[in-house]
Amino acid sequence: MKLSQLFGKGKCVFSCEVFPPKKNMPADTIYTTLDSLKALDPAFISVTYGAGGTSGDNITGEIASYIKNDLGIESCAHLTCVSNTREDIDILLDDFKKRGIENILALRGDINPERPPKHDFNYAFELISYIRERGDFHISAACYPECHIEAPDMITDIRHLKEKADAGAEHLMSQLFFDNKTFFDFLEKARIAGVNVPIEAGIMPVINKKQIERMVSMCGASLPAKFSRMMAKYENSPEALRDAGIAYAVDQIAGLIAGGADGIHLYTMNNPYVAEKIYSAVKGLL
């Protein structure tokens, strides 16, 4: 099923994201996580592009295939272009097709100073256009409620977002944010600019302070005073911070659903306990 078919039915779509296991972790940990997430009955599960992955070692495709073909849940494979040539992308797309994967989240990817970028594709919209020409894939893209960290301003960033939609992106997933007003303000700007595809709100629950600080430094998301007070209060009590983070995420999701968000994309951080707690609290609202 193409992801765009899930939207426009009067319900808020609930989906999840997982990432491939790190090289020093047992490979089967991700499958244990996925088996637990199945109980949440997500509309789909996206799989991030495997760190250090190559076109000949498509761990993202392998996991996305398990989600779709073994668990019976629609999957979406992330695909970045910053470290791939056209030939690499062709190999990966052929592999996705063989595995029956229909949905791709097309991204530029983060620049790694230790790995010089390839230049066959410099921007996500170029990858989107290429995928659109290469096969019958549904293409999703990323969006940034607080502006991409490399964009000079929000107007420029929205213009780039419109380029992605015009190139063939039929669905958007947002970067994490911690203030719903930020998301709804962004959504209004995107609609005014003519970006009319479904936009899911990306929610990342707090698991620990260092994790959030690292993510915020990478993406530029701001921390509301309420959120900062929560972290300061519970930073020395991991379990309390986890529970407070779950409560904060639940509150965010409830507000987003009430405000008419197209969907919620939960960044699970491969932690089924947290995902299950959040889903059980909001499932009656979906």
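Above: the structure in question.
Engineer: Got a sec to walk through helix α2 (residues 59-70)? Specific residues and values, please.
Structural biologist: Between its first and last C-alpha, α2 extends 16 Å over 12 residues, near the 16 Å set by a 1.5 Å rise per residue. Here α2 has its buried residues at Thr60, Gly61, Ile63, Ala64, Ser65, Ile67 and Lys68. Where α2 is buried, its residues touch α1 (29-37), β2 (44-47), β3 (74-80) and α3 (86-98). After α2 finishes, the residue Gly72 shows a positive phi value of roughly 75°.

Engineer: Describe the sheet that holds strand β8 (residues 263-267), with residues and values.
Structural biologist: Strand order around the closed barrel formed by 8 strands is β1-β2-β3-β4-β5-β6-β7-β8, with parallel pairing between neighbours. Across the sheet, the axes of successive neighbouring strands diverge by a mean angle of 30°, strand direction being ignored. Pairing geometry for strand β7 (residues 199-203) and β8, over 4 bridges, is parallel. Across the sheet, the residue bridging to Glu200 is Gly263, located in β8. Contacts from helix α6 (residues 180-192) reach β5 (138-143), β6 (171-174) and β7 within the one sheet, and its direction differs from that of β7 by about 155°.

Engineer: Describe the nonpolar core, with residues and values.
Structural biologist: Grouped together as the largest cluster of nonpolar side chains are 66 residues, with contacts concentrated most on Leu34, Leu79, Ile131 and Ile264. When residues no more than four places from it in sequence are discounted, the contact partners of Ile131 are Leu79, Leu93, Ile104, Ala106, Phe137 and Ile139. Counting residues in each nonpolar core, the second largest holds 16 residues, with Leu176, Val206, Met215 and Tyr267 among its members.

Engineer: Account for the packing of aromatic side chains, naming residues and giving values.
Structural biologist: Centre-to-centre distance and the angle between the planes together describe a pair of aromatic rings. Evaluation of the coordinates by the stated rule reveals 8 aromatic pairs. Ring centres of Phe14 and Tyr279 lie 5.2 Å apart, and the angle between their planes is 40°; on these two criteria the pair is classed as tilted. Placement of Phe14 in strand β1 (residues 13-18) and of Tyr279 in helix α10 (residues 272-282) is noted, with a sequence separation of 265 residues between them. Look at Phe14 and you get buried, because its relative accessible area is 5%. Residue Tyr279 is classed as buried on the basis of its relative accessible area, which comes to 17%.

Engineer: Before we move on, can you summarise the side chain of Asp157 with the specific residues and values?
Structural biologist: Looking at where Asp157 falls in the secondary structure, it is placed in helix α5 (residues 154-167). Among buried charged residues, Asp157 stands out as having no salt bridge; its nearest opposite-charge side chain is Lys164, 6.5 Å away. Of note is the side chain of Asp157, whose polar atom sits 3.0 Å from the backbone nitrogen of His148. Setting aside anything within four residues of it in sequence, one finds Asp157 in contact with Tyr144, Cys147, His148 and Ala151.

Engineer: Help me get a handle on the packing of helix α4 (residues 124-134) against α5, residues and values and all.
Structural biologist: Packing of α4 against α5 leaves a shortest axis separation of 8 Å and a crossing angle of 5°. One element, α4, and the other, α5, form an angle in the roughly parallel class. For the pair α4 and α5, contact is made by Ala124, Phe125, Ile128, Ser129 and Arg132 and by Glu163, Lys164, Asp166 and Ala167, respectively. By residue class, the composition of the contact of α4 with α5 is 4 nonpolar, 1 polar and 4 charged.

Engineer: Just give me the short version of the packing of α1 against α10, but keep the residues and values in it.
Structural biologist: Each pair of packed helices can be described by the angle between their axes along with the distance between the axes. One way to put it is that α1 packs onto α10 with a least axis distance of 10 Å and a crossing angle of 10°. One way to sum up the angle between α1 and α10 is to call them roughly parallel. Of α10, the residues touching α1 (which contributes Thr33, Ser36 and Leu37) are Pro272, Ala275 and Glu276. Looking at the contact of α1 with α10, its residues break down into 3 nonpolar, 2 polar and 1 charged.

Conventions used here
- Residues numbered from 1 in each chain as written.
- Predicted model: local features only at pLDDT ≥ 70, side-chain atom pairs only at ≥ 80, totals over all residues.
- Heavy atoms only, no water.
- Helix = DSSP H or I, 4+ residues; strand = E, 2+ residues; numbered from the N terminus.
- Expected span 1.5 Å × (residues − 1).
- Buried < 20%, exposed > 50% of the residue type's maximum accessible area, 1.4 Å probe, protein only.
- Contact = heavy atoms within 4.5 Å.
- Pairing = 2+ DSSP bridges.
- Axes fitted to C-alpha atoms, helices over the stretch in contact; angles between N-to-C directions.
- Core = buried A, V, L, I, M, F, W, Y, C linked by side-chain atoms within 4.5 Å.
- Phe/Tyr/Trp six-rings, centres within 6.5 Å; stacked < 30°, edge-to-face > 60°.
- Lys, Arg positive; Asp, Glu negative; His and termini not counted.
- Salt bridge = Lys/Arg side-chain N within 4 Å of Asp/Glu carboxyl O.
- Polar contact = N/O pair within 3.5 Å; in protein donor to acceptor, adjacent residues only side chain to side chain.
- Parallel < 35°, antiparallel > 145°, perpendicular 65-115°, else oblique.
- Nonpolar A, V, L, I, M, F, W, Y, C, P; charged D, E, K, R; others polar.

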